[in-house]
Amino acid sequence: MNEIRLYALFCLSALAGFSNMTPAQQTEWNKGQTFTEASMKTKNAEETWKGISSGLHSSFVSIDKRYSKDQAPVMIKNNTISLKGWRGERLSAQVLLWTTDPISDIKVQVSDFTSKNGKKTAPSGYARFERYVITDEFGPGCGWRKPQDFSASLSPDMLDDLTSFSIGKKEARPVWITITIPKNVEKGTYNANVQITSPTTKQQKLDISLDVIDMVLPEPSKWTFHLDQWQHPSAVARVNNVPAWSDEHFKALKPQMQMLANLGQKVITTTLNKDPWHVQTQDPYEDMIIWTKEKNGSWSYDYTVFDKWVSFMMDLGVKKMINCYSIVPWNNEIHYKDAATGKFVDVIAKPGTDEFVKIWEPFLKDFVKHQKKKGWLEITNIALDERDKNEMGAAFALIKKVAPALGVSYADNQQTFKRYPDSKDVSTAVQHPLSSQDLKDRNSRGLNTTFYVYCGNNFPNQFTFSDPAESTYMGWYAMAAGYNGALRWAFNSWVENPLVDSRFRTWPAGDTYIVYPQARGSIRYERLLEGIQDYEKISIVKKLLKAKKDTGNLNALDLAISKLNNDKRHDGWNQDLNTAKELLNKISKSLTK
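Residues numbered from 1 in each chain as written. Predicted model: local features only at pLDDT ≥ 70, side-chain atom pairs only at ≥ 80, totals over all residues. Heavy atoms only, no water.

**Q** Help me understand the overall build of the chain, please; the structure alone is not making it clear to me.
**A** The number of helices and strands found in the chain is 11 helices and 25 strands. In summary, the chain has a C-alpha radius of gyration of 25 Å against a globular reference of 25 Å for 593 residues, a match within 12%. Along the longest, intermediate and shortest principal axes, the C-alpha atoms of the chain span 80 × 60 × 45 Å. Looking at the chain alone, contacts between residues at least 24 apart form 75% of all its contacts between residues at least 6 apart. If you sum the accessible surface of the chain, you get close to 24,300 Å²; carbon and sulfur atoms cover 49% of it. The centroid of the 76 positive side-chain charges in the chain is displaced by 4 Å from the centroid of its 67 negative side-chain charges. (Helix = DSSP H or I, 4+ residues; strand = E, 2+ residues; numbered from the N terminus. Rg over C-alpha atoms; globule rule 2.2 N^0.38 Å. Contact = heavy atoms within 4.5 Å. Areas by Shrake-Rupley, 256 points an atom, 1.4 Å probe, with all protein chains shown as cover. Lys, Arg positive; Asp, Glu negative; His and termini not counted. Charge placed at Lys NZ, Arg CZ, Asp CG, Glu CD.)

Here it is as structure tokens:
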């Protein structure tokens, strides 16, 4: 069993020079936590190793598949791979290593990319070892679950930033390859190789051919896809063992939230009072605004943390919306500090009651003044999550009466948007889609509409047992159905030991996070990024095709996209996705001729 040291990824440096197929400059990392990967045997796994020759084996494999740790793969080895991408795009590949004998200190590096004419600006690549976490199964979806009631297994998901890794006897280890194409690179074909070395084995090389298409993908902050993945700052404080909202906390938050900004995140998740979800996660949400009832009965509000958090996220490039949870918390309970005693007092303030109005009216009025003073009012929404329609109606009525300048944002499974047609930001569960007519109407009026995935739908989703391509499918589904983007309730609501076990007490494994502590990525993160990039590429290509009146290619692309307008798992969905992706790149290249 490996006990290894983890490292936090901070940046990928630009390559200063290029040599003939030498290892490219790798990521920079700092020492972090140590942990021992979980041990779990698959039934009859030993039998799969019969006939496997000794030594270290390697091959490119599909990024659409997760590979078992203790079973020998059944495949024809593939030593070459061909990739295509735009300038500014980030691509992925996967290598699988397997051995019958233990091998220590294996290194996997990506060489410099070079072209036949020796171009000096080229794509760059690096490799990350995939780590196995405990996962379970979908089962009934939402609801309390005991581990013994669900089948458990190991799933490769975390992408770890390590200089080397040791593989045990009769084990496999997948490795994720990331390739970044600079915006200023020239079009054409570039070649590199993946170099696999260890102190006791001969060097192995796998060849990469990359076709750079002469189209440019904008910066993530300029992407049109509306991504809303809820942030959980308190989880970062707990895992890093630092006080909430301290300088050390924000230092730990920066690389983690930069990853989110790099996905094109559009929304800052904030809280208005105590934990709006009544501690449904491992970590309670720490207050961002402190309410104080003064001795004379008046109210004061301390926005210090709120302002610091919002400014912090804006500095990372997340600036489109500030969604504030919640005027209707899950148990209708809020708290305030009593100036007379210095203690916090819990209050039940159910929408529609006098207590609700008495508590929330002065805050909403003050909050509007504060947001206006900060210059944030126009992008601020009071947000609600899956609440009773009567409670939502009472909340909306109060907002409209005392703070009409505030927008509203909510999860909508009850056609609430039809009763409140001007709702600024609406998200509906993926299995309860809006009609194309309603989506077109909202789009025509500049209103934002997304779908969301959660514990109640098994496809598409981002559990640690989900098929990797489901994360990419989400971007294509949004385009096919006519949504502006997608919402996921948890970017980093970590479980007790997220590095080892992704299961949680109430939902399928992995539902609470898609990235790992110390800014470690995941297969789910990379494949989600891929789908969002595709969404942007489709938008750009369709505009160009319409401008050229190229109805042939436009119709072909629309047909390929339409096959992905399906929120149910179905035969052929992954092949349809890959076919559409191939067509998108083919049409993209034709537009540059």
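**Q** I tried to follow the pattern of salt bridges on my own but got confused; where do I start?
**A** Close approach of charged atoms allows side chains with opposite charge to pair. Inspection of the entire model under this criterion finds 34 salt bridges. Between aspartate 136 and arginine 145 there is a salt bridge; the shortest N-O distance is 3.0 Å. In this structure, glutamate 219 and lysine 183 form a salt bridge, with 3.0 Å as the shortest nitrogen-oxygen distance. In this pair, glutamate 219 is assigned in the loop between strand S12 (201–216) and strand S13 (226–229) and lysine 183 in the loop between strand S10 (171–180) and strand S11 (188–198), connecting sequence segments 36 residues apart. (Salt bridge = Lys/Arg side-chain N within 4 Å of Asp/Glu carboxyl O.)

**Q** Just to check I follow, could you spell out the sheet that holds strand S19 (residues 343–348) for this structure?
**A** Ordered in space as S16-S15-S18-S19, the 4 strands form an open sheet in which the pairing is mixed. A strand with exactly one partner marks an edge of an open sheet, and here the two such strands are strand S16 (299–302) and S19. On average, each strand axis in the sheet is inclined to that of its neighbour by 35°, with strand direction left out of account. Note that strand S18 (residues 333–338) and S19 share 6 bridges and pair antiparallel. Along S19, the bridge assignment pairs glutamate 333 with isoleucine 348. Against the sheet, helix H4 (residues 354–374) touches strand S15 (290–293), S16, S18 and S19, its axis set at about 55° to S16. (Pairing = 2+ DSSP bridges. Axes fitted to C-alpha atoms, helices over the stretch in contact; angles between N-to-C directions.)

**Q** Is there a simple way to think about the environment of proline 276 in this case?
**A** Within the fold, proline 276 resides in the loop between strand S14 (267–271) and S15. Classification of proline 276 as buried rests on a relative accessible area of 2%. Setting aside anything within four residues of it in sequence, one finds proline 276 in contact with Thr271, Tyr285, Tyr325, Ser326, Pro329 and Trp330. (Buried < 20%, exposed > 50% of the residue type's maximum accessible area, 1.4 Å probe, protein only.)

**Q** Please explain the packing of helix H8 (residues 469–481) against helix H9 (residues 523–548) as it appears in this structure.
**A** If you want to describe how two helices pack, look at the angle between their axes and the distance between the axes. Where H8 meets H9, the closest approach of the two axes is 7 Å, and the angle between their N-to-C directions is 25°. The angle between the axes of H8 and H9 places the two elements in the roughly parallel class. Seen from above, H8 lies across H9 with right-handed handedness. Across the interface between the two elements, Ala469, Ser471, Thr472, Gly475, Trp476, Ala478 and Met479 from H8 touch Arg524, Arg527, Leu528, Glu530, Gly531, Asp534, Tyr535, Ile538 and Ser539 from H9. By residue class, the composition of the contact of H8 with H9 is 7 nonpolar, 5 polar and 4 charged. (Parallel < 35°, antiparallel > 145°, perpendicular 65-115°, else oblique. Left-handed = near helix turned anticlockwise from the far one by under 90°. Nonpolar A, V, L, I, M, F, W, Y, C, P; charged D, E, K, R; others polar.)

**Q** Is there a simple way to think about the packing of aromatic side chains in this case?
**A** Remark: the centre distance and the inter-plane angle together describe each pair of aromatic rings, the angle taken between the planes. Per the counting criterion, the structure on display carries 38 aromatic pairs. Site record: aromatic cluster; members linked through ring pairs are Trp291, Trp299, Tyr301, Tyr303, Phe306, Tyr336, Phe356, Trp360, Phe363, Phe367 and Trp376. Taking NZ or CZ as reference, arginine 145 lies 4.0 Å from the ring centre of phenylalanine 150, over its face. Over the ring of tyrosine 513 we find arginine 524, and its NZ or CZ is 5.8 Å from the ring centre. (Phe/Tyr/Trp six-rings, centres within 6.5 Å; stacked < 30°, edge-to-face > 60°. Lys NZ or Arg CZ within 6 Å of the ring centre and 35° of its normal.)

**Q** What exactly am I supposed to notice about the packing of helix H1 (residues 233–240) against helix H2 (residues 247–261) here?
**A** For the pair H1 and H2, interaxial distance at closest approach is 9 Å and the crossing angle is 115°. Classed by the angle they form, the pair H1 and H2 counts as roughly perpendicular. Crossing geometry of H1 relative to H2 is assigned as right-handed. Across the interface between the two elements, Pro233, Val236, Ala237 and Asn240 of H1 pack against His249, Ala252, Leu253 and Gln256 of H2.

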